[in-house]
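Coordinates in review
Read off the chains here:
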Amino acid sequence: MGLDAITFSDAIERQRAKQGAPEVSFYKEALEESQKFRREYVDRTNVVKWDKMPMERSADGLIKHIINERMDTKECCIDIYMQFIAAGQATGTSRHLTEEIAFVIEGTGHDLHYDVQFECKETFEWTWDTTPKQYDWGPGDFIYVPPYVAHKRVNTSDVEARVIVCNSRIMKAIGLDWFDQLEPAEGFEDVWVPPAD
């Protein structure tokens, strides 16, 4: 049986190639949306002044949004906020599929990280350590939280701790918007959205 040197398809595949659902204009619309985005991007905020950064009572405690996707800035990939942790208090416990980096401005304390393990079967199967690892921090320190590690931040000092927290929006954009608040910070129970599972 000889092979046709110019194709690997057969007559059935060739017949089906130009048949299908109704015609669309996805490609054309993507070109138009790109042009619209670039026109609008020029007018987005380049500098966010301190008094334009909104405050939020979140389930993780009090935060000040420095950059957020809802703030219409030129930053398209990262969300940044300042976390305020009262003396002797803690954040809630959260997990998200993005890694998190943080920088301590003031206060001393520690992070509790519950490491995650997973298996990729028909669906992901996740388990978290029940005993956390403790990481001490203070002013000027950098904190790294790996993806989907459940974590809590504890202020052990007698002053309010302030920590700059950065998270990527990229995982959300590729369909992995997995973000849960496992428990709220004390005093912030009224704004808690419990995890779905």
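Computed from a predicted model, the values in this text were never measured in an experiment. (Residues numbered from 1 in each chain as written. Predicted model: local features only at pLDDT ≥ 70, side-chain atom pairs only at ≥ 80, totals over all residues. Heavy atoms only, no water.)

Looking now at the overall build of the protein chain. When its secondary structure is counted, the protein chain shows three helices and 13 strands. Taking 16 Å as the expected radius of gyration for a compact globule of 197 residues, we find that the protein chain reaches 24 Å, considerably beyond that expectation. Referenced to the eigenvectors of the C-alpha coordinate spread, the extents of the protein chain come out at roughly 80 × 45 × 30 Å. Counting across all 197 residues of the protein chain, residues that qualify as buried make up 32%. The long-range share in the protein chain, meaning contacts at least 24 apart out of those at least 6 apart in sequence, stands at 71%. About 13500 Å² of surface is accessible on the protein chain, with carbon and sulfur atoms providing 57% of the total. Side chains of the protein chain give 22 positive and 36 negative charges; the mean places of these two sets differ by 8 Å. (Helix = DSSP H or I, 4+ residues; strand = E, 2+ residues; numbered from the N terminus. Rg over C-alpha atoms; globule rule 2.2 N^0.38 Å. Buried < 20%, exposed > 50% of the residue type's maximum accessible area, 1.4 Å probe, protein only. Contact = heavy atoms within 4.5 Å. Areas by Shrake-Rupley, 256 points an atom, 1.4 Å probe, with all protein chains shown as cover. Lys, Arg positive; Asp, Glu negative; His and termini not counted. Charge placed at Lys NZ, Arg CZ, Asp CG, Glu CD.)

Within the secondary structure, arginine 169 is located in the loop between β12 (161-168) and α3 (170-173). By relative accessible area, which is 11% here, arginine 169 ends up buried. A polar contact of 3.2 Å, which involves the side chain of arginine 169, links it to the backbone oxygen of glutamate 75. Apart from residues no more than four positions distant in its own chain, arginine 169 is found in contact with Ile67, Asn68, Glu69, Glu75, Cys76, Cys77, Ile78 and Asp79. (Polar contact = N/O pair within 3.5 Å; in protein donor to acceptor, adjacent residues only side chain to side chain.)

Moving on, we get to the nonpolar core. Within soluble globular proteins, side chains that are nonpolar generally end up buried alongside one another. Ranked by size, the top nonpolar core spans 15 residues in total, and within it Ala102, Val104, Trp137, Ile143, Val163 and Val165 carry the most contacts. Ranked by the residues each element gives to this core, the list is headed by β12, at three residues. When residues no more than four places from it in sequence are discounted, the contact partners of isoleucine 143 are Glu100, Ile101, Ala102, Val104, Asp111, Trp137 and Arg153. Residues Val48, Met71, Met82 and Ile164 belong to the second largest nonpolar core, which totals nine residues. (Core = buried A, V, L, I, M, F, W, Y, C linked by side-chain atoms within 4.5 Å.)

So, about the side chain of lysine 64. Structurally, lysine 64 can be placed in strand β2 (residues 61-67). For lysine 64, which is buried and forms no salt bridge, the nearest opposite charge comes from aspartate 51, at a distance of 7.8 Å. Of the polar contacts made by the side chain of lysine 64, one reaches the backbone oxygen of tryptophan 50; its length is 3.1 Å. With near-sequence residues (within four places) excluded, lysine 64 lies in contact with Trp50, Met53, Pro54, Met55, Tyr81, Met82 and Phe84. (Salt bridge = Lys/Arg side-chain N within 4 Å of Asp/Glu carboxyl O.)

This part is about the packing of aromatic side chains. Evaluated as defined, the whole model comprises seven aromatic pairs. Ring plane angle 25° and centroid distance 6.4 Å describe the contact between tryptophan 126 and tryptophan 128, whose orientation is recorded as stacked. By the ring-pair criterion, three or more aromatic residues cluster together here, those being Phe118, Trp126, Trp128, Tyr148 and Trp178. Sitting over the ring of tryptophan 128, arginine 95 keeps its end group 4.2 Å from the ring centre. (Phe/Tyr/Trp six-rings, centres within 6.5 Å; stacked < 30°, edge-to-face > 60°. Lys NZ or Arg CZ within 6 Å of the ring centre and 35° of its normal.)

On to unusual backbone geometry, then. Backbone geometry at aspartate 72 places phi at a positive 55°, although glycine is not the residue there. Mapping aspartate 72 onto the fold places it in the loop between β2 and β3 (78-85). For tyrosine 148, which is not glycine, the phi torsion reads 65° and is therefore positive. Topologically, tyrosine 148 is positioned in the loop between β10 (142-145) and β11 (150-155).

Turning next to the sheet that holds strand β5 (residues 100-106). The six strands lie next to each other as β1-β2-β3-β12-β5-β10, forming an open sheet whose pairing is antiparallel. Of all strands in the sheet, those bounded by a partner on one side alone are β1 (55-58) and β10. For this sheet, the mean angle separating the axes of adjacent strands, direction not counted, is 30°. Across four bridges, the pairing between β5 and β10 is antiparallel. Each bridged residue has a counterpart across the sheet, and for alanine 102 the counterpart in β10 is isoleucine 143. (Pairing = 2+ DSSP bridges. Axes fitted to C-alpha atoms, helices over the stretch in contact; angles between N-to-C directions.)

Here the focus is the environment of lysine 64. Residue lysine 64 is classed as buried on the basis of its relative accessible area of 15%. For the pair lysine 64 and glutamate 75, spaced eleven residues apart in the sequence, the C-alpha separation amounts to 17 Å.

Right, let's talk about a nonpolar patch on the surface for a bit. Side chains of Ile101, Phe142 and Tyr144 sit close together on the surface and give an oily, nonpolar patch of about 300 Å² of accessible area. Checked against the element boundaries, isoleucine 101 lands in strand β5. For isoleucine 101, a relative accessible area of 35% puts it in the partly exposed group. (Patch = residues over 30% accessible without salt bridge, like charges linked within 9 Å, V, L, I, M, F, W, Y side chains within 5 Å.)

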